[in-house]
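Structure at a glance
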Amino acid sequence: MLRKIGRLFVIKTRWEAYIIIYALALGATARGAQYLTEYPGWGGKMLFLATTGAVFLAGAKILDCLKFERAEKEAKAAQEVAAD
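Please read all numbers here as calculations on a predicted model, not as lab measurements.

Inspection of the secondary structure assignment puts Gly53 in helix H3 (residues 42-83). Gly53 sits 31 residues away from Tyr22 along the chain, and the two C-alpha atoms are 13 Å apart.

Laid out in structure tokens, this is it:
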């Protein structure tokens, strides 16, 4: 039962990754907007850029991991076919 629940938290497709990245971006821009009101001037703008920049880095890492996992799965399948 716990394994089934755990599978809900695994990103399997690029579509799921894009949805998660979008949700991260919404949260980051909301937090960035708060920073702009709390810290007017350059400080708030830099914090806003930091929050949105973190989403770019996280999104790139998520998409790279999906590519790596797919390539690893294909290599494993090719290795099994070659062994047979």
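By the secondary structure assignment, Glu38 is in helix H2 (residues 14-38). Residue classification places Glu38 among the partly exposed positions, given a relative accessible area of 45%. The sequence separation of Glu38 and Lys12 amounts to 26 residues, and the corresponding C-alpha distance is 38 Å.

A few words on the side chain of Thr52. Checked against the element boundaries, Thr52 lands in helix H3. Judged by relative accessible area, which is 17%, Thr52 ranks as buried.

A separate point is H3. Taking 1.5 Å per residue as the helical rise, H3 with its 42 residues ought to reach 62 Å, and the 61 Å between its terminal C-alpha atoms agrees with that figure. Contacts made by the buried residues of H3 are with H2.

A few words now on a positive patch on the surface. Residues Arg14, Lys67, Arg70 and Lys73 make up a contiguous surface patch of positive charge. Among the elements that take part in the positive patch, H3 stands out by supplying three residues, more than any other. Relative to the elements of secondary structure, Lys73 occurs in helix H3.

Rules of the game
- Residues numbered from 1 in each chain as written.
- Predicted model: local features only at pLDDT ≥ 70, side-chain atom pairs only at ≥ 80, totals over all residues.
- Heavy atoms only, no water.
- Helix = DSSP H or I, 4+ residues; strand = E, 2+ residues; numbered from the N terminus.
- Buried < 20%, exposed > 50% of the residue type's maximum accessible area, 1.4 Å probe, protein only.
- Expected span 1.5 Å × (residues − 1).
- Contact = heavy atoms within 4.5 Å.
- Patch = residues over 30% accessible without salt bridge, like charges linked within 9 Å, V, L, I, M, F, W, Y side chains within 5 Å.
- Areas by Shrake-Rupley, 256 points an atom, 1.4 Å probe, with all protein chains shown as cover.
- Salt bridge = Lys/Arg side-chain N within 4 Å of Asp/Glu carboxyl O.
- Lys, Arg positive; Asp, Glu negative; His and termini not counted.
- Charge placed at Lys NZ, Arg CZ, Asp CG, Glu CD.

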